[in-house]
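So the chains spell out like this:
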Amino acid sequence: MSRATLSRRSFAALPIVAACAREVVSGTVVPESGDPRVGQYVSSGWTFATSSFWIRGPAGVVLVDTQFLPSAGIEALTLAERATRAKVVTAFVLHANPDKFNGTTALQRRGVEVLTSQPVLDAMPEIHAKRVAAFYERYKPDYPLELPRPTSFGASTTTLARAGLSLTAHVLGPGCSEAHVVLQFEDQVFVGDLVANGAHSWLEIGRTDEWLRRLSEIEAMRPRLVHPGRGASGGPELLTRQRAYLEEVIALVAAERPSGPPQDAALGRVRAALERRYPAYRFPAFIEIGLPAEWQRQARGAQGATPP
């Protein structure tokens, strides 16, 4: 199943944790994520246990990622302000998936500047249309029909001064999305879904080869702390684990000798192997959605290979 033909049925396989979309399910807060200036908000399983982080600066607070539902974005903002006793002044969207950008408009209405890169902004309309078709009925009325519109800070890596902090917004290429921002604060990096800790990875677009390059680029930043899109913060070992996970996905699919359209039986064996290897990882449905794209990537490569 290609990125272009991903169906509603695939998304229907994603976990439903709450009884209905209108049930209010609060997230949780990790008040310190390795640095007393950094905190973490984690949404409920109903919205995929998505992390937003905050950074307390001398002149306010920066929020990283705006959440899947606007209500969760506002909850993240409220809890960040309560924990820091300061106002959120700026938020960043790290890549073009709704768990990163859907809260944008709600935050803007609260006076928060929401920033992303031009490549991420350019990728958002197609993704938004797809996700509205897949998710709106399940999550209405708390799902934005109108495309969120963060402000672009440009198309290249830049250093920004916000909330009295110096932040470097690294503009990176494809990985789990077609474009990424990695936000660097001193020796810490906020990487979004390029790293998942304790959860399966979002492999939908089948760009694992590029994703490995993104991990190398992040490793070159020499971070002391890595703040992932899902799961607890940690050190550079999170990058090592993410690399090993992607390499295992690639190897398991390759062992099935992919050619032609994705084969359900073969991908079932790959999924089962991954679930055995990572029994505690959340959201195994992410594998089902992502493996067909990895199959197709490798099948295309096999077709283009030069015969010995």
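Remember, it's a predicted structure, so these values are computed and weren't measured experimentally.

J.: Go over the nonpolar core, please, and point to the residues and values.
T.: Counting 45 residues, the largest nonpolar core has Ile-55, Phe-92, Leu-107, Leu-167, Leu-183 and Phe-190 as its most contacted members. Per element, the largest residue contribution to this core is six residues, and it comes from helix α2 (residues 70-84). If you look at the next biggest cluster of nonpolar residues, it comprises 30 residues, including Leu-239, Val-249, Ile-287 and Ala-299.

J.: Let's hear about helix α8 (residues 264-277): which residues, and what values?
T.: For an α-helix, 3.6 residues make a turn, and residues three or four places apart therefore share a direction. Here α8 contains 14 residues, and its C-alpha end-to-end distance of 20 Å stays within 8% of the 20 Å for a straight helix at 1.5 Å per residue. Within the span of α8, buried status applies to Ala-266, Leu-267, Val-270, Ala-273 and Leu-274. Along the long axis of α8, the arc covered by the buried residues comes to 120°, so they all point the same way. Projecting away from the buried face of α8 at angles above 90 degrees are the exposed residues Asp-264, Ala-265 and Arg-276.

J.: I'd like a description of the pattern of salt bridges, backed by residues and values.
T.: Counted under the stated rule, the structure contains 24 salt bridges. Two residues, Lys-87 and Glu-81, come together in a salt bridge whose shortest N-O distance is 3.9 Å. Assessed through its relative accessible area of 59%, Lys-87 is described here as exposed. The shortest N-O distance in the salt bridge between Asp-99 and Lys-100 comes to 3.8 Å. By relative accessible area, which is 4% here, Asp-99 ends up buried. Each member of the salt-bridge network shares a partner with another, and the members are Asp-65, Asp-99, Lys-100, Asp-193 and Arg-230.

J.: I'd like a rundown of α2, residues and numbers included.
T.: Compared with an ideal rise of 1.5 Å per residue, which puts 15 residues at 21 Å, α2 spans 21 Å between its outermost C-alpha atoms and is within 8% of the ideal. Three or more residues of α2 are buried, namely Pro-70, Ala-72, Gly-73, Ile-74, Ala-76, Leu-77, Leu-79, Ala-80, Glu-81 and Thr-84. Buried residues along α2 sit in contact with β1 (28-30), β2 (38-42), β3 (51-57), β4 (60-64), β5 (88-92) and α4 (104-109).

J.: Account for the sheet that holds β2, with residues named and values stated.
T.: Strand order in the open sheet formed by seven strands is β1-β2-β3-β4-β5-β6-β7, and the pairing between neighbours is mixed. Two strands close off the open sheet at either side, each with one partner strand: β1 and β7 (151-152). Across two bridges, strand β6 (residues 113-116) lies against β7 in parallel orientation. The partner of Thr-116 across the bridge, within β7, is Ser-152. The sheet strands contacting α2 are β1, β2, β3, β4 and β5, and the helix crosses β3 at an angle near 35°.

J.: I'd like a rundown of the sheet that holds strand β10 (residues 180-185), residues and numbers included.
T.: In sheet architecture, strand pairing relies on hydrogen bonds along the backbone and comes in two forms, parallel and antiparallel. Pairing in this open sheet of five strands is mixed, and the strands run β8-β9-β10-β11-β12 from one edge to the other. Each of the sheet's edge strands pairs with one partner strand only, and the pair in question is β8 (158-162) and β12 (225-230). Each strand of the sheet is rotated relative to its neighbour by a mean of 30°, with strand direction disregarded. The strands touched by helix α7 (residues 237-254) are β11 (188-196) and β12; relative to β11, the strand with the most contacts, the crossing angle is about 20°.

Conventions used here
Residues numbered from 1 in each chain as written. Predicted model: local features only at pLDDT ≥ 70, side-chain atom pairs only at ≥ 80, totals over all residues. Heavy atoms only, no water. Core = buried A, V, L, I, M, F, W, Y, C linked by side-chain atoms within 4.5 Å. Buried < 20%, exposed > 50% of the residue type's maximum accessible area, 1.4 Å probe, protein only. Helix = DSSP H or I, 4+ residues; strand = E, 2+ residues; numbered from the N terminus. Expected span 1.5 Å × (residues − 1). Arc of directions from axis to C-beta. Salt bridge = Lys/Arg side-chain N within 4 Å of Asp/Glu carboxyl O. Contact = heavy atoms within 4.5 Å. Pairing = 2+ DSSP bridges. Axes fitted to C-alpha atoms, helices over the stretch in contact; angles between N-to-C directions.

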